[in-house]
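Analysis of the macromolecular model
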Amino acid sequence: MSLVKLTLRELQERFTRGEVSAFEIVRAYYLRISLVEAKVKAYVTVNDKETVFAEAQALDKELKAWRKTLPLMAMPVAIKDNICTAGMRTTCGSRMLEGYVPPYDATVVQALRAQRCVIIGKTNLDEFAMGSSTEHSAFGPTRNPWKLSHVPGGSSGGSAAAVAADECVAALGSDTGGSIRQPAACCGVVGLKPTYGRVSRYGLVAFASSLDQIGPITKDVMDAAILLNILAGRDPRDSTSADVPVPDFTRAFKKKDVKKLKIGVPVEYFGEGLDAEVREAVQAALEVLEQLGGELQEVSLPHTNVAVATYYLLATAEASSNLARYDGVKYGLRSKHHQDLLEMYCRTRQEGFGPEVKRRIMLGTFALSRGYYEAYYAKAQAVRTLITQDFDTAFQSVDFLITPVMPTPAFRLGEKLDDPLQMYLADIYTLSASLAGIPAIAIPCGFSRQGLPIGIQFMGRPFEEETILRAARAYELATQWRQKRPPIREK
Ligand code: GLN
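The sections below set out a description of the structure shown in this document.

Procedures and definitions
- Residues numbered from 1 in each chain as written.
- Predicted model: local features only at pLDDT ≥ 70, side-chain atom pairs only at ≥ 80, totals over all residues.
- Heavy atoms only, no water.
- Pairing = 2+ DSSP bridges.
- Helix = DSSP H or I, 4+ residues; strand = E, 2+ residues; numbered from the N terminus.
- Axes fitted to C-alpha atoms, helices over the stretch in contact; angles between N-to-C directions.
- Buried < 20%, exposed > 50% of the residue type's maximum accessible area, 1.4 Å probe, protein only.
- Contact = heavy atoms within 4.5 Å.
- Phe/Tyr/Trp six-rings, centres within 6.5 Å; stacked < 30°, edge-to-face > 60°.
- Lys NZ or Arg CZ within 6 Å of the ring centre and 35° of its normal.
- Expected span 1.5 Å × (residues − 1).
- Lys, Arg positive; Asp, Glu negative; His and termini not counted.
- Salt bridge = Lys/Arg side-chain N within 4 Å of Asp/Glu carboxyl O.
- Near = heavy atom within 4 Å.
- Polar contact = N/O pair within 3.5 Å; in protein donor to acceptor, adjacent residues only side chain to side chain.
- Areas by Shrake-Rupley, 256 points an atom, 1.4 Å probe, with all protein chains shown as cover.
- Nonpolar A, V, L, I, M, F, W, Y, C, P; charged D, E, K, R; others polar.
- Patch = residues over 30% accessible without salt bridge, like charges linked within 9 Å, V, L, I, M, F, W, Y side chains within 5 Å.
- Core = buried A, V, L, I, M, F, W, Y, C linked by side-chain atoms within 4.5 Å.

Another point: the sheet that holds strand E3 (residues 118–123). The strand order across the open sheet formed by 11 strands is E1-E3-E2-E4-E6-E5-E10-E11-E9-E7-E8, and the pairing between neighbours is mixed. At either end of the open sheet lies a strand with only one pairing partner, and these are strand E1 (43–46) and strand E8 (295–299). If you compare each strand with its neighbour and ignore which way they point, the axes differ by 30° on average. Examined bridge by bridge, strand E5 (residues 190–193) and strand E6 (residues 213–218) share 2 bridges and lie antiparallel to one another. When the bridges of E6 are listed, Gly191 appears paired with Ile217.

Further remarks concern helix H4 (residues 107–114). Turning to H4, its buried residues are Thr107, Val108, Val109 and Leu112. On its buried face, H4 is in contact with strand E2 (76–80), E3, strand E4 (170–175), E6 and helix H7 (221–231).

This part takes up the packing of aromatic side chains. Under the criterion given, the structure shown has 19 aromatic pairs. Taking 5.2 Å as the distance between ring centres and 80° as the angle between the ring planes, the aromatic pair formed by Phe23 and Phe53 counts as edge-to-face. Residue Phe23 is found in helix H2 (residues 22–40), and its partner Phe53 is found in helix H3 (residues 49–62); the two are separated by 30 residues along the sequence. Connected via pairs of aromatic rings, a cluster forms that spans Tyr100, Phe128, Tyr326, Tyr331 and Phe353. Across the ring face of Phe139, the terminal group of Arg89 is positioned such that the distance to the ring centre comes to 5.4 Å. Lying over the aromatic face of Phe253, Arg473 brings its terminal NZ or CZ to 5.7 Å of the ring centre.

All right, on to helix H9 (residues 307–322) then. For H9, with 16 residues, the first-to-last C-alpha span of 22 Å sits near the 22 Å given by 1.5 Å per residue. Most of H9 is tucked away: 13 of the 16 residues are buried.

What follows deals with the side chain of Lys80. Examined against the element boundaries, Lys80 turns out to sit in strand E2. Of the buried charged residues, Lys80 lacks a salt bridge, with Asp126 as the closest side chain of opposite charge at 7.3 Å. Setting aside anything within four residues of it in sequence, one finds Lys80 in contact with Lys122, Thr123, Leu125, Ala129, Ser155, Ser156, Ser159, Leu172, Gly173, Ser174 and Ser179.

In the vicinity of the ligand lie 15 residues, with Gly177, Ser179, Tyr311, Arg360 and Asp427 positioned nearest. Here Gly178 contributes a backbone N or O atom positioned 3.2 Å from an oxygen atom of the ligand. Measuring from an oxygen atom of the ligand, one finds a side-chain N or O atom of Tyr312 at 3.3 Å. Contact with the protein chains covers 100% of the free accessible surface of the ligand, which is 290 Å². Classifying every residue of the shell around the ligand by side-chain character gives 5 nonpolar, 7 polar and 3 charged.

Residues Phe366, Tyr372 and Tyr376 make up a contiguous nonpolar surface patch of roughly 280 Å² in combined accessible area. Checked against the element boundaries, Tyr372 lands in the loop between helix H11 (355–368) and helix H12 (374–397). For Tyr372, a relative accessible area of 37% corresponds to the partly exposed category.

Right, let's get into the nonpolar core. It is characteristic of soluble globular proteins that their nonpolar side chains tend to be buried jointly. One finds Leu112, Phe128, Phe391, Ile441 and Phe458 to be the most contacted residues of the largest nonpolar core, which totals 161 residues. Broken down by element, the residue count for this core peaks at 10 residues, all from H2. If near-sequence neighbours (up to four positions away) are discounted, Ile441 is found in contact with Val190, Gly191, Leu192, Val221, Ile456, Gln457, Phe458, Ile468, Leu469 and Ala472.

Let us look at the pattern of salt bridges. Counting across every chain of the model gives 24 salt bridges. A salt bridge links Lys122 to Asp81, with the nearest nitrogen and oxygen atoms 3.0 Å apart. A residue pair is termed long-range when its members are at least 10 positions apart, and Lys122 in strand E3 and Asp81 in the loop between E2 and H4 qualify at 41 residues. Neither Lys122 nor Asp81 differs from the other in exposure class; each is buried. Between Arg198 and Glu465 there is a salt bridge whose closest N-O contact spans 3.0 Å. With a gap of 267 residues between them, Arg198 in the loop between E5 and E6 and Glu465 in helix H15 (residues 465–478) connect regions that are remote in the sequence. The two residues Arg198 and Glu465 agree in class, both being buried. Three or more residues are tied together by salt bridges with common partners; here these are Lys5, Asp166, Lys219 and Arg485.

Here it is in structure tokens:
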């Protein structure tokens, strides 16, 4: 089997046994990229081939001196382009940061480098991670490897497409309201949003700081756990990173069933607007989970219907404040057309930001302005607490929750581009977990008649990633979805 088809664990095993060298691994991936990337456009930047080849050869030489290999050694991983990489441009999919080369690595990137993993490239995203389709990128859209006429989801669409198209073995994404899980579902791969605070966000370009989390996008659930082992942990440079013990997440897989686990099925997630094929696929998955020993129980998350409004108030408010730093003074673009300072600010922001980012800044600024603050921002904060309490109550009677990830399979390019509200509704099932800060994983659970992947979401209690990993893995092993590959032809 071709090297690029292997999961991270399979590739790691071959490397550890000495059956394949770091050089052979990276060569296989660069070849694959040269054959499919022109169609998929998953990357904003592919790392310089000569540099990576030299790095891999050096690693192969050094290897003899190492007593044991590290879990991610020589693994080609792609990084969403809103995560800082020293010496490699980090654009956030925006003209504003088109030429921005960070002087430092994000903590997660540092952790990957310490493993001697290979940073193969930076993946495309909706500008500043605002979107659900990767169409709001200043560098053009990424395409869905399953059907090139369709979106890969977003905002980590480049990461999900790169994993699905075998252009990297695994990738990092960021999730503020669904941006890891939603593209994972669209592209038929696995996406894990860890608990808020589980993974350091130092070096992640801020969108909405009370929601942003970094997490893995991988070929299977095992790989997600392997990566989470490396990413998780307290970081003194991120005050919101939590000081909680980090288990070996792969130990969650000792049990290959969900016996004695209570599975909550929230009624609100199966109502109006849910596509029939998605509903069928998720319902069939629930039966599999029942056969694996789980006990299904209907639950209610009564504030689900206000999650979209709450999220889009809070996220835009935080974004309007976070994005104030792009004024042409310290970072990125500075407009050439100005006579004075004020005009420089205005022109820079006018030229640097795309329409969706401008819309969010305006919405957020409005929500925070005097006279409206109490009515909008403060109210949304209060509702956020109610949403969190819904989950607390549900988790008193069940161990995890099962829902769809997206109301429909991936949509066509351009289909929702002129209708922001329709685009926002693509996140209806992922926003609540972000607002509550709880962990959630999206994995494949079927295909539409058109051949597009369908995803299922497992949501767990805060810092109980192990429970959802165990359940998701048990389901994955009991089904065959992983075996199906995108039909994309090599050039
Ligand atoms: N699609 C959502 C938004 O547009 C979520 C994005 C994200 O999680 N970064 O805000």
